[in-house]
Amino acid sequence: MISRWTTAVLDTDLPGGWAVARSPEGFLFDDNGALFPREWLKRQDLSILAEHGIGHLDGEPVYLLELHSPLDIPGCNWKGLRAFMLEDDHTLYKVLGYAAQVGTWAREHRFCGSCGTRMSQIPLERAMYCDACDLRHYPRISPSMIVLITRGDEVLLARSPRFVTGVYSTLAGFAEPGESAEDCLVREVREEVSIEVKNIQYMGSQCWPFPHSMMLGFHAEYASGDIVPQEDEIEDAQWFNVHDLPPLPASRSIARYLIDLYVARRLGHAEPVLPG
Ligand SMILES: NC(=O)c1ccc[n+]([C@@H]2O[C@H](COP(=O)([O-])OP(=O)(O)OC[C@H]3O[C@@H](n4cnc5c(N)ncnc54)[C@H](O)[C@@H]3O)[C@@H](O)[C@H]2O)c1
Ligand SMILES: [Mg+2]
Ligand SMILES: [Zn+2]
């Protein structure tokens, strides 16, 4: 199947195409969705912080207008990326997820982190350039591991105080400098629930644009220890039987995929597909 959406670095001096507008309140949308004719959008009284050409949707160029602040446009509203993630239009979510990461980077890389000079966009490369340091600053991507730990018919799921009430998920955490993904897994599992794991197996990855994680998904088996939830980080952690699971994370998350895959294999059901 030909992908409807492909990323690209486009020349912002060229006219036309579609545009998405992003502010600290999320993306602009109306009854037709979140893509607007770019020339029309630029005629509105927007406070544009940066403009980036981000790719092609069905062959048409798409641009991002990253705004300082939201603006009232009749018939339009603002909505966060998470809300788009929960909707059915997977392609739109991919476009907006990418736009959000480019927008976050554009917002946070206007000045060189080394010398403070204002930076400029490099044509045809997704990089901001500091002339004074001859330094390129690329979009930030944060590797994070996520793991489903199992013990026969049981899976270990935990709650962070940040989760929606009642929802339990797999353990996750950001990689620190000097770590492999597997090192990170062992450390995070020790920190968050105080147990040891074995037979670590890589299962797949997922871009998680909240704001810029690259999720590296694993399965691991329980080896030893009793669950001790990490104070402040983990509100509760328990072993759940695959026949009696609590409310789970959003179906588009790799956390949900890891759980659904294990349950499907255990019960002999059809296996789910990892959402991109
Ligand atoms: N897609 C999924 O299924 C899924 C599921 C769970 C978590 N996640 C994501 O995984 C990531 C890590 O999970 P977590 O929140 O449990 O992490 P974590 O256990 O490492 O704890 C979060 C803490 O890490 C620190 N931190 C924040 N950003 C960081 C960075 N870029 N690098 C290093 N440390 C940082 C902060 O102190 C923060 O409080 C988050 O982005 C989260 O949204 C994705
Ligand atoms: Mg964590
Ligand atoms: Zn510099």
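Not measured: the values here are computed from a predicted model.

**Describing the environment of Val155**
Position of Val155 relative to the elements: it lies in strand 12 (residues 154-159). Separated by 14 residues in the primary sequence, Val155 and Ser169 place their C-alpha atoms 9.9 Å from one another. Excluding its chain neighbours within four sequence positions, the residues that come into contact with Val155 are Leu148, Ile149, Thr150, Gln238, Trp239, Phe240, Val242, Leu245 and Tyr262.

**So, the UniProt feature "binding site: Zn(2+)" (unreviewed entry) in the chain**
UniProt feature "binding site: Zn(2+)" (unreviewed entry): in the numbering of this structure it lies at Cys112, Cys115, Cys130 and Cys133. In terms of the greatest pairwise C-alpha distance, the residues named above, spread along 22 residues, form a tight cluster of at most 8.6 Å across. A relative accessible area of 39% places Cys115 in the partly exposed class. Apart from the residues lying within four places of it in its own chain, the contact partners of Cys115 are Cys130, Ala132 and Cys133. Considering the arrangement of structural elements, one finds Cys130 in strand 9 (residues 128-130). Residue classification places Cys130 among the buried positions, given a relative accessible area of 0%. With residues up to four places along the chain from it excluded, the contact list for Cys130 reads Cys112, Cys115, Thr117, Met119 and Leu135.

**Here's the deal with the nonpolar core**
Within the largest apolar cluster, 46 residues are counted, with the highest numbers of intra-cluster contacts made by Phe27, Ile54, Leu96 and Leu157. Contributions of two or more residues to this core are made by strand 5 (48-57), strand 6 (60-67), helix 2 (81-85), helix 3 (90-108), strand 9, strand 11 (142-151), strand 12 and helix 5 (254-267). The element that contributes the greatest number of residues to this core is helix 3, accounting for 9 residues. Residues from two domains meet in this core; each of domain 1 (5-108) and domain 2 (142-267) gives at least three. Grouped together as the second largest cluster of nonpolar side chains are 19 residues, Val147, Leu156, Ala181 and Cys184 included.

**Section: the coordination of the magnesium ion (ligand 2)**
Coordination of the magnesium ion (ligand 2) by the protein comes from Ala172 (O) and Glu192 (OE), over a distance range of 2.2 Å. Taken as a pair, Ala172 in strand 13 (residues 171-174) and Glu192 in helix 4 (residues 181-193) lie far apart in primary sequence, 20 residues in all.

**A word on the pattern of salt bridges**
Tallied over the entire structure, the rule returns 17 salt bridges. One salt bridge in this structure joins Arg159 and Glu235, with 2.8 Å as the shortest N-O distance. Residue Arg159 is found in strand 12, and its partner Glu235 is found in the loop between strand 15 (213-224) and strand 16 (236-241); the two are separated by 76 residues along the sequence. The shortest N-O distance in the salt bridge between Glu188 and Arg187 comes to 3.1 Å. Exposure class is identical for Glu188 and Arg187. Each is buried. Within the structure, one salt-bridge network assembled from shared partners comprises Glu176, Glu179, Arg187, Glu188 and Glu191.

What counts, and at which threshold
Residue numbers restart at each chain and count upward from 1, following the sequence in its written direction. Ligands are numbered from 1 and chains lettered from A, in the order in which they are written. Per-residue local features are limited, in this predicted model, to residues with pLDDT of at least 70; the limit for side-chain atom pairs, both in listing and counting, is 80 or more; totals at the level of whole chains, interfaces and linings are taken over all residues. Based on all heavy atoms of the structure, the side-chain values leave hydrogens and waters out of the count. The secondary structure listing takes helices from DSSP runs of H or I that are at least 4 residues long and strands from runs of E that are at least 2 residues long, numbered from the N terminus. A contact between two residues is defined here by any heavy atoms of the two lying within 4.5 Å. UniProt positions are given in the numbering used here, feature names are shortened, and annotations may be inferred rather than shown by experiment. Buried residues are those whose accessible area, probed at 1.4 Å on protein chains only, stays under 20% of the maximum for their type, while exposed residues exceed 50% and partly exposed ones sit between those limits. Nonpolar cores were defined as sets of buried Ala, Val, Leu, Ile, Met, Phe, Trp, Tyr and Cys residues, with membership established by side-chain atoms within 4.5 Å. Domain start and end points were adopted from an automatic or database domain assignment. Shown as donors are all N, O and S atoms within 2.8 Å of a metal ion, widened to 3.2 Å for Na, K and Ca; because water is not in the atom set, sites may appear incomplete. What makes a salt bridge here is a side-chain nitrogen of Lys or Arg within 4 Å of a carboxyl oxygen of Asp or Glu, nothing more.

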